[in-house]
Amino acid sequence: MSDKEKNFTPDTEAGSSDAVKASAMDEKEASKKLAKAAKGTKAKKNEGESAGAKVKKFFKDFKGESKKVVWPDAKTVLKSTGVVLLVVAISTIVIFALDFGLTEGVKGLKKLAADEETTVAEVVEDETTEAEKKEDKEDKEKADKEEETTAAEKETEKAGKETTAAEETTEKAAQ
């Protein structure tokens, strides 16, 4: 008995699967050998043919193969065309939406960045303005105090002049 026959036992699953595997491998090897042999004979046949005969054979084979093609009916072609158009339309809408969304997002970021720069400039300007306002307010307060002081000094001078004039008058009257 050969090794394959020893391993083959119809009662056990392992033995039957080994036999199936072995026979499948033998069939594959045999089909490979046949394919190699067929290629070799075709190549030898085509070597002796002229160019015109090869072209004639090509079109004859082409005609035979085209007869094997199964063409769909009109209803199937219309359904397939509809599906393709629908997929193209949906893809177009999705791509448009993504493009639009990303474009608007970038514009928004640019605007936000520009606004932030403006805001920073405004804050600096506001701080400068506030400092200037404080200085102006202090200057006004000083000016007001000086005016009050000057007004008080004028009143004091006026009162002093009046007193001096009254004293002079009294002195003249006393003389």
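Counting from 1, residues in each chain are numbered in the order their sequence is written. Totals for whole chains, interfaces and linings use every residue, but because this is a predicted model, local features are given only for residues with pLDDT of at least 70 and side-chain atom pairs only at 80 or more, for both listing and counting. For the side-chain quantities, the full set of heavy atoms in the structure was used; hydrogens and water were omitted.

1. A look at the pattern of salt bridges
Once the charged atoms of two side chains with opposite charge are near each other, the side chains can pair.
Then comes step 1: Here a salt bridge means any side-chain nitrogen of Lys or Arg lying within 4 Å of a carboxyl oxygen belonging to Asp or Glu. Evaluated as defined, the whole model comprises three salt bridges.
Then comes step 2: Taking the shortest distance from any N to any O, the salt bridge between aspartate 61 and lysine 57 comes out at 3.3 Å. Here aspartate 61 pairs with lysine 57, and both are found in helix α3 (residues 51–68), just four residues apart, close to one helical turn.
Then comes step 3: The buried label applies to any residue whose accessible area, calculated with a 1.4 Å probe on protein chains only, is under 20% of its type's maximum; exposed applies above 50%, and partly exposed to all values in between. Owing to a relative accessible area of 40%, aspartate 61 belongs among the partly exposed residues under this scheme.
Then comes step 4: The class for lysine 57 is partly exposed, based on a relative accessible area of 38%. A run of DSSP states H or I qualifies as a helix once it reaches four residues; a run of E qualifies as a strand once it reaches two. Both are numbered from the N-terminal end.

2. Re the packing of aromatic side chains
Then comes step 1: Stacked, tilted and edge-to-face are the three classes assigned to paired rings of Phe, Tyr and Trp, where Trp is represented by its six-membered ring and a pair needs centres within 6.5 Å; plane angles under 30 degrees give stacked, over 60 edge-to-face, the rest tilted. Applying the stated criterion across every chain yields a total of three aromatic pairs.
Then comes step 2: Summarising the aromatic geometry, the rings of phenylalanine 58 and phenylalanine 59 are spaced 5.3 Å apart at their centres and angled 75° between planes, so their arrangement reads as edge-to-face.
Then comes step 3: Centre to centre, the rings of phenylalanine 96 and phenylalanine 100 are 6.1 Å apart; their planes meet at 20°, and the pair counts as stacked. With a gap of four residues between them, phenylalanine 96 and phenylalanine 100 both fall in helix α4 (residues 74–174), about one helical turn apart.
Then comes step 4: The exposure class assigned to phenylalanine 96 is exposed, which follows from its relative accessible area of 55%.

3. A closer look at α3
Because each turn of an α-helix spans 3.6 residues, side chains separated by three or four positions end up pointing in the same direction.
Then comes step 1: Here, expected helix span is obtained from the residue count minus one, scaled by 1.5 Å. Between the first and last C-alpha of α3 there are 26 Å, a value that for 18 residues agrees with the 26 Å anticipated at 1.5 Å per step.
Then comes step 2: Counting buried positions along α3 yields zero of 18 residues, so the element is predominantly exposed.

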